[in-house]
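Residue-level listing of the chains:
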Amino acid sequence: MTVIEGMISGFYQSISLAVLPYLAVGSLFGLIIGVIPGLSGHFAMAMAVTFLYTMEPGPGIAFLLGAHATVAQGGGLTAILFSTPGTGQNAATLLDGPPMRDKGEAGVAVGAAMAACFLGATFGAVVLGLLIPVLREVVLFFGPPEVFVLAFLALTFVAILGKEDLTRSLIAAMLGLLLAMIGVDNVTNAQRFTMGSDNLADGLSLVPVILGLFAVAEMIELFKRGGALARYTPKSLSAGDTQRQIFKGIGLAFKNWWLVMRCSAIGTTMGLIPGLGSAPAAFVAYGHAKQTSKDKESFGKGNVEGVIAPEASNDAVEGGALASTIAFGIPGSSSMAILLSGLFILGLETGPRMLNNNVDIIFIMIFTIIIGNLIGTIVGMWLVNPLSRATSITAEFMVPALLAVIVTGAYAGSASVFDIGVALFFGVLGYLMKILNYSRAAMLIGFVLGFAVEKNLYLALLLDGPFFVFQPIPMALAAITIVFLAVNIWSMMRERKNRRAQP
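Criteria and cut-off values
Residues numbered from 1 in each chain as written. Predicted model: local features only at pLDDT ≥ 70, side-chain atom pairs only at ≥ 80, totals over all residues. Heavy atoms only, no water. Helix = DSSP H or I, 4+ residues; strand = E, 2+ residues; numbered from the N terminus. Buried < 20%, exposed > 50% of the residue type's maximum accessible area, 1.4 Å probe, protein only. Contact = heavy atoms within 4.5 Å. Axes fitted to C-alpha atoms, helices over the stretch in contact; angles between N-to-C directions. Parallel < 35°, antiparallel > 145°, perpendicular 65-115°, else oblique. Left-handed = near helix turned anticlockwise from the far one by under 90°. Nonpolar A, V, L, I, M, F, W, Y, C, P; charged D, E, K, R; others polar. Patch = residues over 30% accessible without salt bridge, like charges linked within 9 Å, V, L, I, M, F, W, Y side chains within 5 Å. Areas by Shrake-Rupley, 256 points an atom, 1.4 Å probe, with all protein chains shown as cover. Salt bridge = Lys/Arg side-chain N within 4 Å of Asp/Glu carboxyl O. Core = buried A, V, L, I, M, F, W, Y, C linked by side-chain atoms within 4.5 Å. Polar contact = N/O pair within 3.5 Å; in protein donor to acceptor, adjacent residues only side chain to side chain.

### So, the overall build of the chain
And then number 1: On a plain count of helices and strands, the chain comes out with 22 helices and two strands.
And then number 2: When each of the 503 residues of the chain is scored for burial, the buried share is 56%.
And then number 3: Contacts in the chain between residues at least 24 apart in sequence constitute 80% of all its contacts with a sequence separation of at least 6.

Dropping the structure here:
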């Protein structure tokens, strides 16, 4: 299938009645989840993935990615209106969003943020489409040795560039790889770590693990925190004033189109690098906007450019992150790891097969990002005040209701009570990892990559022997991994030495 054929087919499928309703429902679900502080894109995707078992690939991809695409828009609303970012990627919006709200310009900030999200997501999606011909050629150079070493490079990037402690993140990544080995060995048929249980013979199911690490763990934290979901609730604007301000904000986003383009390019580029994610990209974009602005002094006091820049950047990240996930099956973030698990459930295989035979699926992803963000922008314009009321619900009411949905989702995959236990176990483990500063993203990516790492190691040893790592591409990737790890360890040791030297 050519790129043009795939683009036309993907577009028609995206707007067909078989796909568009799922895209719309997923987008609305993601927007609502983003509005609720404490629930992130991981939660939205973890919940959405439980519905994929009975879906066809097109509707399934649209539903899953639609839920992920609009979370940042919902999170931007709460960051501006309640000084509580719905997700970590909206943290940079706190710098200028709430000051604009305090000046009576909440609607302007919301309109600018949502329009910037849409424009940034569109930029990232277009870049992904343009990269398809390049990825088709690059992926041909990657066989089992290259994919094996690339997987460890991705794990190293995620562990080092995350916000958690380096050593603990590496431990979490290795634990994820070990958990992936539970079950029957695909080569020798020997049982590993099953402890004699038939429930573990096929290994741990992806969905309960994902639900536990991100959904159940978040519920535990919400319940422990207690009280209302948002600690600050502003006075609601009238519907007319809100809409006028929102349209003004949208106009300002388009007026600052060059800033949107630059910050979107920053986001897309950083999305290509495993482990960076949206939050760092948003802060880099904010810093860039401040440095290049003619009014630097107003940043932090309510400058609309300080809202536009991070919101454009954090949505553009997805285009870059999808490129490495689609081409090599190497997720650069926990969200992409959940997306990869969704592709597995739908029977889709990443790499050369998708780039050559399922180009229409890639373009469904591209148009889902664009249309999903457009739906989020339009709906968010009219539902700013009604949606904000959800944040007044107390955790005591929200947690039991969501836990019931999570348990149902864990059970639905294989109708197994054991999977409910797995979800609850990993929920406790995920909560402990969060408070002890272990990276849940690194662990999930290690778990998702476990099968690919083992399979490609076996094939590499079979085809090229134990010295496969000395081939040009694997050697270069291994050298990057070692140098990157060594530099960061040295930097960490130097910081500790400096802290000890201080009186």
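### Here we look at the environment of serine 27
And then number 1: Note on placement: serine 27 falls in helix H2 (residues 20–35).
And then number 2: Taking relative accessible area as the criterion, serine 27 reaches 1% and is therefore assigned buried.
And then number 3: Put simply, serine 27 and glycine 372 are 345 residues apart on the chain and 5.4 Å apart in space, counted from C-alpha to C-alpha.
And then number 4: The contact partners of serine 27, leaving out residues within four places of it in the chain, are Gly66, Ala67, Thr70, Gly372 and Ile375.

### Some remarks on unusual backbone geometry
And then number 1: Of note in this structure, methionine 195 is not a glycine but carries a positive phi near 55°.
And then number 2: Mapped onto the elements, methionine 195 comes out in the loop between strand S2 (191–192) and helix H10 (206–225).
And then number 3: For asparagine 437, which is not glycine, the phi torsion reads 70° and is therefore positive.
And then number 4: Judged by its relative accessible area of 31%, asparagine 437 is partly exposed.

### Section: the packing of helix H14 (residues 305–328) against helix H17 (residues 359–382)
And then number 1: Where H14 contacts H17, the two axes come as close as 12 Å, and the packing angle between them is 165°. What the angle tells us is that H14 and H17 run roughly antiparallel. Between H14 and H17 the crossing geometry is right-handed. Only Ile362, Met365, Ile369 and Asn373 of H17 make contact with H14, whose side of the interface consists of Asp315, Leu322 and Ile326.
And then number 2: Of the residues assigned to the contact of H14 with H17, the class counts are five nonpolar, one polar and one charged.

### Re a nonpolar patch on the surface
And then number 1: Residues Ile4, Met7, Ile8, Phe11, Tyr12 and Ile15 make up a contiguous nonpolar surface patch of roughly 570 Å² in combined accessible area.
And then number 2: Secondary-structure assignment places methionine 7 in helix H1 (residues 3–14).
And then number 3: Classification of methionine 7 by relative accessible area gives partly exposed; the value is 35%.

### Describing the nonpolar core
And then number 1: Within the largest apolar cluster, 106 residues are counted, with the highest numbers of intra-cluster contacts made by Leu204, Leu322 and Met365.
And then number 2: Counting residues per element, this core draws most heavily on H17, at 13 residues.
And then number 3: Here leucine 322 is in contact with Leu65, Leu128, Met336, Leu339, Met365 and Ile369, once residues within four sequence places are set aside.
And then number 4: Counting residues in each nonpolar core, the second largest holds 30 residues, with Leu77, Ala106, Ala285 and Val307 among its members.

### Here's the deal with the side chain of aspartate 96
And then number 1: Considering the arrangement of structural elements, one finds aspartate 96 in the loop between helix H5 (71–82) and helix H6 (97–102).
And then number 2: Engagement of the side chain of aspartate 96 in a polar contact is seen with the backbone nitrogen of glycine 300, the distance being 2.8 Å.
And then number 3: Here the side chain of aspartate 96 touches glycine 302 through a polar contact of 3.0 Å, landing on its backbone nitrogen.

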